[in-house]
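Residues per chain are reported as follows:
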Amino acid sequence: MPITPATATNSPSSGTAEPILLELVDEDGVTIGTAEKLAAHQPPGRLHRAFSVFLFDERGRLLLQQRALGKYHSPGVWSNTCCGHPYPGEAPFAAAARRTFEELGVSPSLLAEAGTVRYNHPDPESGLVEQEYNHLFVGMVQSPPRPDPDEVASTAFVTPAELAERHAKDTFSAWFMTVLDAARPAVRELTGPSADW
C-alpha cells in the first residue's frame, strides 16, 4: 500500500501538522485502535485497514499507476489503479472513491466490493512493512485520468498480455500481485470472458 508523508498538511485551525492515523484491526478486520501512519509501518508492522482499487475501461483494460518518484515508500514502482488507507471510522468504500479522485482526478462510473485479503509484505528498499487487512474494489472508469503529480508519475491502460510483459521488465509494488490475484474473481465478473483476466 502506498505511504504518503507521515503528517498531513498544516491544519487551518492551529497551523501545526496533524498526524495521519490509521485504523488498527485484528485478524478478522475488527477495529482495535489507531496508530500514526509511519509508526504502523515500522518493522514488524502493525495490522491496519487498507484498500485497493482496480478500474477498467470499456475495453476491459486495467488502469495502472506508477507511483511518484517523491514518495518515500515504493517510489517509481507500478501498481494497481489506487490504494491507500481509510481514515479511522471512514468506510473503505468511501475512502476508495475519495482517494481515486484525489490521486487520479477520476470518479469511477461503477465501483463494487471485491472481498478482502490479508498480507505481510516487507519493503527491502525502505525497510518498512505492509501488514494490511485490505478491502478490494473493482470498477469502471470512463474519463481520462488527470493524475496529481505529487502522487502519480504516470498511468497506463493494459490488457492481461501487456501487464505480463510490463511486469516482467518493470518494477511493481510488493503487494500488487497479492491484491490482483485476490480480486481476480470479481475482475473476471466485471470484465467478462473476452477480456481474459
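Residues numbered from 1 in each chain as written. Predicted model: local features only at pLDDT ≥ 70, side-chain atom pairs only at ≥ 80, totals over all residues. Heavy atoms only, no water.

As annotated in an unreviewed UniProt entry, the protein carries the name Isopentenyl-diphosphate Delta-isomerase and is attributed to Streptomyces marokkonensis. The Sequence similarities (unreviewed entry) comment attached to the protein in UniProt states, word for word, "Belongs to the IPP isomerase type 1 family." The record held by UniProt for the protein lists under Pathway (unreviewed entry) the comment "Isoprenoid biosynthesis; dimethylallyl diphosphate biosynthesis; dimethylallyl diphosphate from isopentenyl diphosphate: step 1/1." (UniProt positions renumbered as here; feature names shortened; annotations may be inferred.)

Asker: Let's hear about the overall build of the protein: which residues, and what values?
Answerer: Regarding its fold elements, the protein presents 4 helices and 11 strands. Taken over C-alpha atoms, the radius of gyration comes to 16 Å for the protein, in line with the 16 Å a tight globule of 197 residues would show. Taken along its principal axes, the extent of the C-alpha atoms in the protein is 50 × 35 × 30 Å. The buried share of the protein, reckoned over its 197 residues, is 51%. Pairs at least 24 apart in sequence give 67% of the contacts found in the protein among residues at least 6 apart. Element-wise, carbon and sulfur atoms account for 54% of the exposed surface of the protein, whose accessible area totals about 9000 Å². Of the side chains in the protein, 15 bear a positive and 25 a negative charge, and the two mean positions are spaced by 3 Å. (Helix = DSSP H or I, 4+ residues; strand = E, 2+ residues; numbered from the N terminus. Rg over C-alpha atoms; globule rule 2.2 N^0.38 Å. Buried < 20%, exposed > 50% of the residue type's maximum accessible area, 1.4 Å probe, protein only. Contact = heavy atoms within 4.5 Å. Areas by Shrake-Rupley, 256 points an atom, 1.4 Å probe, with all protein chains shown as cover. Lys, Arg positive; Asp, Glu negative; His and termini not counted. Charge placed at Lys NZ, Arg CZ, Asp CG, Glu CD.)

Asker: Describe the UniProt feature "domain: Nudix hydrolase" (unreviewed entry) in the protein, with residues and values.
Answerer: In the numbering adopted here, UniProt assigns the feature "domain: Nudix hydrolase" (unreviewed entry) to residues 46-183. The span residues 46-183 shows a helical share of 22% and a strand share of 38%, and its end C-alpha atoms are spaced 23 Å apart.

Asker: How would you summarise the packing of aromatic side chains if you had to cite specific residues and measurements?
Answerer: Where two aromatic rings form a pair, the distance of their centres and the angle of their planes describe that pair. According to the stated counting rule, one finds 3 aromatic pairs in the structure shown. An angle of 75° between the planes, with centres 5.7 Å apart, marks the rings of F93 and F137 as edge-to-face. Of this pair, F93 sits in helix α2 (residues 92-104) while F137 sits in strand β10 (residues 129-140); the two residues are 44 residues apart in sequence, bridging distant segments of the chain. By relative accessible area, F137 is classed as buried at 2%. Taken together, a centroid distance of 5.0 Å and an interplanar angle of 45° make the contact between F172 and F176 tilted. Exposure class is identical for F172 and F176. Each is buried. Just above the ring of W78 sits the side chain of R166; from NZ or CZ to the centre is 4.5 Å. (Phe/Tyr/Trp six-rings, centres within 6.5 Å; stacked < 30°, edge-to-face > 60°. Lys NZ or Arg CZ within 6 Å of the ring centre and 35° of its normal.)

Asker: I'd like a description of α2, backed by residues and values.
Answerer: Over its 13 residues, α2 runs 18 Å from end to end, which matches the ideal 18 Å to within 8%, given 1.5 Å per residue. Along α2, the residues that are buried comprise P92, A95, A96, R99, T100, E103 and L104. With its buried residues spanning 130° around the axis, α2 presents them on a single face. Buried positions along α2 lie against β5 (48-56), β6 (62-67), β8 (82-84), β9 (110-122), β10 and β11 (152-158). (Expected span 1.5 Å × (residues − 1). Arc of directions from axis to C-beta.)

Asker: Residue-level account of the environment of H48, with values.
Answerer: Here H48 lies in strand β5. Between the C-alpha atom of H48 and that of A183, which follows or precedes it by 135 residues, the distance is 19 Å. Excluding anything up to four places from it in sequence, H48 contacts L22, E23, L24, V25, A40, H41, H85, E130, Q131, E132 and Y133.

Asker: How would you sum up the nonpolar core? Please name residues and give values.
Answerer: Among the nonpolar cores identified, the biggest contains 25 residues, and F54, L64 and L163 are the most heavily contacted of them. Every element with two or more residues in this core is listed here: β5, β6, β9, β10, β11 and α4 (176-191). Apart from residues lying up to four places away in sequence, L64 is in contact with W78, S79, N80, S154, T155, A156, V158, L163, R166, F172 and F176. Listed in part, the 13 residues of the second largest apolar core include V53, C82, L111 and V152. (Core = buried A, V, L, I, M, F, W, Y, C linked by side-chain atoms within 4.5 Å.)

Asker: Could you give me a rundown of the pattern of salt bridges, with the residues and numbers involved?
Answerer: Under the definition given, this model contains 12 salt bridges. A salt bridge links R99 to E102; its shortest N-O distance comes to 2.6 Å. On the criterion of helical spacing, the pair formed by R99 and E102 is a turn pair, its members being 3 residues apart in helix α2. You can call R99 buried: its relative accessible area is 15%. (Salt bridge = Lys/Arg side-chain N within 4 Å of Asp/Glu carboxyl O.)

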